[in-house]
Amino acid sequence: MTVTVKKPATYQDLCALPETVVGELVDGELVASPRPASRHTLVTSALGVEIAGPFQRGRGGPGDWWILDEPELHFGGDVLVPDLAGWKRARMPVYPDEPFFTLPPDWVCEVLSPSTSSFDRIKKMPVYMREQVGHVWLIEPVTRALEVFRREGDRWVLAGNYGGDQRIRAEPFAAVELELEALWLPSR
């Protein structure tokens, strides 16, 4: 009987991927996803604009955050690339000039697609928990839904479930009202 042992993927394997995909490593498994589609990109871009003004730049909000698109996060052997992430400046007072981040963010946002939804929920959320990320937002552009999770000890608690054209105040950015309609493709 022949037994094949699969060796864990490495960061070199991730770097060898073509630039047309987003590569991540979780538990030694290399996952390559196609670049996001237009609906996904609209959500990420619009949300970044909505949050960065008041929370990164202090325009109409408290400031004191770094908000980034697709930062590369290195946690031990795991390499994750959330759609958006944010760090409170109290925890990261100086923005590092490095190719990746090892300090876990305070908040991450994953925009779900049919090809990544299971990976984001089942593989990445436990890593975010282990690394003590405070909040995770999961956004489903097709159904126009936002789930907000808050870490409490060693579990995720659903802090809010929103959708459609609601105006919301969602953790950890409740200081400013967010207009969800700005995130979605216009109805035809």
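Residues numbered from 1 in each chain as written. Predicted model: local features only at pLDDT ≥ 70, side-chain atom pairs only at ≥ 80, totals over all residues. Heavy atoms only, no water.

(A) How the structure looks around the overall build of the chain. The number of helices and strands found in the chain is 3 helices and 12 strands. What you see for the chain is a C-alpha radius of gyration of 17 Å, in line with the 16 Å of a compact globule of 188 residues. Along the first, second and third principal axes, the C-alpha set of the chain runs to 65 × 45 × 35 Å. Split into buried and exposed, the 188 residues of the chain put 44% on the buried side. The contacts in the chain between residues at least 6 apart in sequence include a share of 48% that link residues at least 24 apart. Of the accessible surface of the chain, which amounts to about 10,200 Å², a share of 52% is contributed by carbon and sulfur atoms. Across the chain, the 20 positively charged side chains and the 27 negatively charged ones have centroids separated by 2 Å. (Helix = DSSP H or I, 4+ residues; strand = E, 2+ residues; numbered from the N terminus. Rg over C-alpha atoms; globule rule 2.2 N^0.38 Å. Buried < 20%, exposed > 50% of the residue type's maximum accessible area, 1.4 Å probe, protein only. Contact = heavy atoms within 4.5 Å. Areas by Shrake-Rupley, 256 points an atom, 1.4 Å probe, with all protein chains shown as cover. Lys, Arg positive; Asp, Glu negative; His and termini not counted. Charge placed at Lys NZ, Arg CZ, Asp CG, Glu CD.)

(B) Main features of the pattern of salt bridges. For the structure on display, the rule yields 14 salt bridges. With a shortest N-O distance of 3.8 Å, Arg-155 and Glu-152 are connected by a salt bridge. Here Glu-152 falls in the partly exposed class, since its relative accessible area comes to 32%. Among the charged side chains, a network of salt bridges with common partners joins Glu-24, Glu-110, Asp-120 and Lys-124. (Salt bridge = Lys/Arg side-chain N within 4 Å of Asp/Glu carboxyl O.)

(C) Seen up close, the side chain of Glu-147. If you trace the backbone, Glu-147 turns up in strand E9 (residues 145-152). A polar contact of 2.5 Å, which involves the side chain of Glu-147, links it to the side chain of Arg-121. If we skip the residues at most four places from it in the chain, Glu-147 touches Arg-121, Val-136, Trp-137, Leu-138, Leu-158, Gly-160 and Asn-161. (Polar contact = N/O pair within 3.5 Å; in protein donor to acceptor, adjacent residues only side chain to side chain.)

(D) Examining the nonpolar core more closely. Within the largest apolar cluster, 25 residues are counted, with the highest numbers of intra-cluster contacts made by Leu-47, Trp-107, Trp-137 and Ile-139. Elements supplying a minimum of two residues to this core: helix H2 (38-56), strand E3 (65-69), strand E7 (107-111), strand E8 (135-140) and E9. For this core, the element with the most residues is H2, which contributes 6 residues. When neighbours within four sequence positions are excluded, Trp-107 is seen to be in contact with Leu-47, Ile-51, Trp-65, Ile-67, Leu-84, Ala-85, Gly-86, Val-133, His-135, Trp-137, Pro-172 and Phe-173. Counting 23 residues, the second largest nonpolar core, distinct from the first, contains Ala-85, Leu-112, Phe-149 and Trp-156. (Core = buried A, V, L, I, M, F, W, Y, C linked by side-chain atoms within 4.5 Å.)

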